[in-house]
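# A look at the structure
Residue-level listing of the chains:
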Amino acid sequence: MNDRTETTLDGYWTPPTALTLVALRNGLRAMIIGRRLDRQASNLAKQGYLTVYPSSLGQEACQVAAAQALGPDDWLFPTYRDSVAMFTHRIDPVKVLTMLRGDWHCGFDPKAHRCAPHSTPLATHCAHAVGLAMASVKKGEKRVAMALCGDGATSEGDFHEALNIAAVFKAPVVFFVQHNGYAISTPSRRQFRAKSLADKAIGYGIRGEKVDGNDFVATISVLRDAVEHARNGFGPVLVEARTYRVSPHTNADDPDRYRNRSEAEPWLEHDPIARLTEYLTAQGRLARDTLRDIEDAAEELAADLRRRVMIPPEADPARLFAHVYADPPPHLQEQRIAVLSEEYVA
Ligand SMILES: Cc1ncc(C[n+]2csc(CCOP(=O)(O)OP(=O)(O)O)c2C)c(N)n1
Ligand SMILES: [Mg+2]
């Protein structure tokens, strides 16, 4: 079991040569833009434009590293918390938020984007990632699937089944657990007894890694290694990134009811964006103008997101009946005719 927590930016650990300056700047840019879009989405939820929004504030290193560790043919399997990973994976933010606006579909073509829809049921998508990875091996492809999940999801039966079958068949999957300390109001100490979630890999006979999830350089290094390990036929990897859920579970949650605000302080001091900014600045690799340009770009993207989400989506009642049955049963056909005969006011 490897523990990479020592590779922190605070000690100005030198990144592996494979991590170029361009990769670090891209990481910083995506984290700053991701945080700004995340804040915008939280505000849109408060204003009623989204039905719900689970923020990943403070988890940007994990979100961005997950997307940026993947190769051009690899797949991402995100949860409800992972919109920033999906933005970084180059899916239009409005499309990413489609489901969270209460629309009936995920808003984008999963195949075109190599990204599954946000999974709200915990860990069920881990098995989907294994299925895709196993199919890809059968087709002679070199694709890796990365399934993201939280600490709470590791208690699910689906998580166990996915890891077990992936291990047995050496499926090229990276299971990336963002251990943010909470499953809604349940703290980690009431969730599992294991010393670390990465230790669970031992039971499946696969590689397990633990990393400081607020350290972008360490996290992307570990994830890139894991992706290549899986791609080269050595089987799945379980990566645990230790981080903290700075925000409420969603806009509908009040964390003051179950945790002390002071608990967040040490995590705020280890903010992933501040750490990478400080590192690059201290190395003389980040001009003030560059940072301002990134922040300006983030503002523009947030304004564009706000503007487009405020346009009400087109609602077509006929869609209620589409895509469920190839041959709709008679009672649904009748209902469809009845709905379509009603006058519809947009
Ligand atoms: C199968 C299933 N059971 C319960 C829930 C309700 N639920 C939604 S989020 C959540 C907590 C998950 O915590 P964690 O996996 O740590 O992810 P985080 O929200 O912290 O990112 C629960 C229990 C669900 N969505 N799916
Ligand atoms: Mg959690």
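Residues numbered from 1 in each chain as written. Chains lettered and ligands numbered in written order. Predicted model: local features only at pLDDT ≥ 70, side-chain atom pairs only at ≥ 80, totals over all residues.

Turning to the domain arrangement of the chain, a few remarks are in order. For an interface, size is often stated in terms of accessible area lost upon the parts coming together. When its domains are assigned, the chain resolves into domain 1 (2–313) and domain 2 (314–346). Domain 1 and domain 2 are separated by 37 Å when their C-alpha centres are compared. (Domains from an automatic or database assignment.)

Moving on: the packing of helix 1 (residues 21–46) against helix 2 (residues 60–68). Their axes nearest at 9 Å, the elements helix 1 and helix 2 cross at an angle of 125°. Between helix 1 and helix 2, the crossing angle belongs to the class labelled oblique. Regarding helix 1 and helix 2, the two cross each other, and that crossing is right-handed. Seen from helix 1, the contacting residues are Asn-26, Gly-27, Ala-30, Met-31, Gly-34 and Arg-35; seen from helix 2, they are Glu-60, Ala-61, Gln-63, Val-64 and Gln-68. Residues that form the contact of helix 1 with helix 2 fall into these classes: 4 nonpolar, 5 polar and 2 charged. (Axes fitted to C-alpha atoms, helices over the stretch in contact; angles between N-to-C directions. Helix = DSSP H or I, 4+ residues; strand = E, 2+ residues; numbered from the N terminus. Parallel < 35°, antiparallel > 145°, perpendicular 65-115°, else oblique. Left-handed = near helix turned anticlockwise from the far one by under 90°. Contact = placed C-beta atoms within 7 Å. Nonpolar A, V, L, I, M, F, W, Y, C, P; charged D, E, K, R; others polar.)

For strand 4 (residues 173–179), the buried fraction is high: 7 of the 7 residues fall into the buried class. Here strand 4 shows no split at all, with Val-173, Phe-175, Val-177 and His-179 on one side and Val-174, Phe-176 and Gln-178 on the other all buried. Of the strand pairs in this sheet, strand 3 (residues 145–150) and strand 4 are connected by 6 bridges, and their pairing is parallel. Residue pairing for strand 4: Met-146 is matched across the bridge by Val-174. (Buried ≥ 20, exposed ≤ 12 C-beta atoms within 10 Å, placed from the backbone. Pairing = 2+ DSSP bridges.)

On to unusual backbone geometry. With a phi angle near 70°, Ala-123 is a residue other than glycine that sits in the positive phi range. Here Ala-123 is to be found in the loop between helix 5 (110–113) and helix 6 (124–138). Overall, Ala-123 belongs to the buried group, with 24 C-beta atoms counted inside 10 Å. Within the chain, Ile-184 stands out as a residue other than glycine whose phi angle is a positive 50°.

Looking at the chain, the pLDDT average stands at 93 and 94% of residues meet or exceed 70. Low pLDDT, under 50, characterises residues 1–8; the predicted model gives this stretch 21 contacts beyond four residues in sequence or across chains. Note on residues 10–15: pLDDT is under 50 here. Beyond four places in sequence and across chains, it has 8 contacts. (pLDDT = per-residue confidence, 0-100.)

Looking at the secondary structure, you find Tyr-80 in the loop between strand 2 (75–77) and helix 3 (83–88). Using a count of 19 C-beta atoms within 10 Å as the deciding quantity, one classes Tyr-80 as partly exposed. Apart from residues lying up to four places away in sequence, Tyr-80 is in contact with Pro-54, His-118 and Thr-120.

A separate point is helix 13 (residues 330–341). An α-helix turns once per 3.6 residues; consequently, residues spaced three or four apart project the same way. Between its first and last C-alpha, helix 13 extends 17 Å over 12 residues, near the 16 Å set by a 1.5 Å rise per residue. Counting buried residues along helix 13, only 0 of its 12 residues qualify, which leaves the element largely exposed. (Expected span 1.5 Å × (residues − 1).)

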